[in-house]
Amino acid sequence: MATRLDKEATQDFAEVRRHFPKLLTIALESGNVLFEGDIDIFDQQGVYWNTYNIRITVPTQYPRGVPELHEVSQLIERVIDRHIDKDGWCCVGVSHELFIRAHRDFRIIDFLSEYAYPYLANQSYFMVEGHFAGFEYKHGFGGVIQFYQKLFKTQDFELISKFIDSFLHTRLPRYRDMCWCGSGRKYRKCHLLVINELKKISKTQLKSDLSNFQLIQTPQVPFFKQFRRGMTSIVAGS
Ligand SMILES: [Zn+2]
Ligand SMILES: [Zn+2]
């Protein structure tokens, strides 16, 4: 007899096929499930743009876990600036954001409407305009920085690091203390809400992000000194 989850998944997959009739569900012998087929892209006026052949990998812990999108048709140029790798794996968003999203049920239809379809539509836009529409995450740690800046609603690396560091060492402000961000609000009504989101990111990830943040913040002083030393030696040698 099918488990409750299987039934839910079956309903979800049927819903995907209702919205995207050219996608087929494929159950692999390994027990993994894939979606394969075509997605037609239309703009907001309903005008047809183009069609991508894609594959979506359903995570084994479905509806938790992060689905993955591959572009099979090779319409998207395999260059880093297009947010795709050489195998067609699509960088639909910063992994932190996707992992946070996967703390709630992450249904395939939601993955399609929130990430995969907008990603592909934006690729179609790029093909015409030569750039993406709207906000674009940077690659690698640049994108991670943008993610934290958006989450903390500040550009201030030092403040972000202070919060992450204090979260990892449980040295956060008390609920009634004034928030460190200087908003004039109590912590409870301010950045506590952001800290609750941090709990959804693994500590290993947070530690590695924190050390990356610290690398960005500190190098200016030694770099400047080194630079000055270089300058004096040139001057002295002249
Ligand atoms: Zn990317
Ligand atoms: Zn605050």
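- An unreviewed UniProt entry annotates the protein as SEC-C domain-containing protein of Dyadobacter psychrotolerans.

## Here we look at the sheet that holds strand S2 (residues 33–42)
Then comes step 1: Pairing is antiparallel in the open sheet, where four strands are placed in the order S1-S2-S3-S4. The open sheet has two edge strands, strand S1 (23–27) and strand S4 (68–71), and neither has a second partner. Put simply, the sheet's adjacent strands are angled 25° from each other on average, direction ignored.
Then comes step 2: As paired strands, strand S3 (residues 48–58) and S4 are joined by four bridges and run antiparallel to one another. Note on S4: the bridge partner recorded for Ile 56 is Leu 69.
Then comes step 3: Across the sheet, helix H3 (residues 108–129) lies against S1, S2, S3 and S4, angled at about 140° from S3, the strand it touches most.

## Describing the packing of helix H4 (residues 140–152) against helix H5 (residues 157–168)
Then comes step 1: Look at H4 against H5: their axes get within 11 Å of each other, and the N-to-C directions meet at 80°. Classed by the angle they form, the pair H4 and H5 counts as roughly perpendicular. Across from Ile 145, Tyr 148, Gln 149 and Phe 152 in H4, the residues of H5 making contact are Phe 157, Ile 160, Phe 163 and Ile 164.
Then comes step 2: Taken together, the residues of the contact of H4 with H5 sort by class into seven nonpolar, one polar and no charged.

## Observations concerning H4
Then comes step 1: Over its 13 residues, H4 runs 19 Å from end to end, which matches the ideal 18 Å to within 8%, given 1.5 Å per residue.
Then comes step 2: Listed in full, the buried residues belonging to H4 are Gly 143, Val 144, Ile 145, Gln 146, Phe 147, Tyr 148, Gln 149, Leu 151 and Phe 152.
Then comes step 3: Just beyond H4, the residue with positive phi is Lys 153, at close to 55°.

## Examining a nonpolar patch on the surface
Then comes step 1: On the surface, Val 47, Trp 49, Leu 75, Met 127 and Val 128 cluster together to form a nonpolar patch covering roughly 440 Å² of accessible area.
Then comes step 2: If you trace the backbone, Val 47 turns up in the loop between S2 and S3.
Then comes step 3: You can call Val 47 partly exposed: its relative accessible area is 44%.

## Digging into the pattern of salt bridges
Pairing between side chains becomes possible if they bear opposite charge and their charged atoms approach one another.
Then comes step 1: For the structure shown, the criterion picks out 12 salt bridges.
Then comes step 2: The partner of Lys 200 in a salt bridge is Glu 197, with the nearest N and O atoms 3.0 Å apart.
Then comes step 3: Note on Lys 200: relative accessible area 28%, which makes it partly exposed.
Then comes step 4: Several salt bridges share partner residues, and in doing so they unite Glu 8, Asp 12, Arg 64, Asp 105 and Arg 107 into one network.

## Some remarks on unusual backbone geometry
Then comes step 1: The omega angle of the peptide bond from Tyr 62 to Pro 63 is 10°, so this bond is cis rather than trans.
Then comes step 2: Relative to the helices and strands, Pro 63 resides in the loop between S3 and S4.
Then comes step 3: One non-glycine residue with positive phi stands out, namely His 83, at about 60°.
Then comes step 4: Structurally, His 83 is set in the loop between S4 and helix H2 (95–101).

## A short note on the environment of Ser 161
Then comes step 1: Within the secondary structure, Ser 161 sits in helix H5.
Then comes step 2: For Ser 161, a relative accessible area of 5% puts it in the buried group.
Then comes step 3: Considering only alpha carbons, one finds Ser 161 and Ser 211, 50 residues apart in sequence, at a separation of 8.9 Å.

Criteria and cut-off values
Residues numbered from 1 in each chain as written. Chains lettered and ligands numbered in written order. Predicted model: local features only at pLDDT ≥ 70, side-chain atom pairs only at ≥ 80, totals over all residues. Heavy atoms only, no water. Pairing = 2+ DSSP bridges. Helix = DSSP H or I, 4+ residues; strand = E, 2+ residues; numbered from the N terminus. Axes fitted to C-alpha atoms, helices over the stretch in contact; angles between N-to-C directions. Contact = heavy atoms within 4.5 Å. Parallel < 35°, antiparallel > 145°, perpendicular 65-115°, else oblique. Nonpolar A, V, L, I, M, F, W, Y, C, P; charged D, E, K, R; others polar. Expected span 1.5 Å × (residues − 1). Buried < 20%, exposed > 50% of the residue type's maximum accessible area, 1.4 Å probe, protein only. Patch = residues over 30% accessible without salt bridge, like charges linked within 9 Å, V, L, I, M, F, W, Y side chains within 5 Å. Areas by Shrake-Rupley, 256 points an atom, 1.4 Å probe, with all protein chains shown as cover. Salt bridge = Lys/Arg side-chain N within 4 Å of Asp/Glu carboxyl O.

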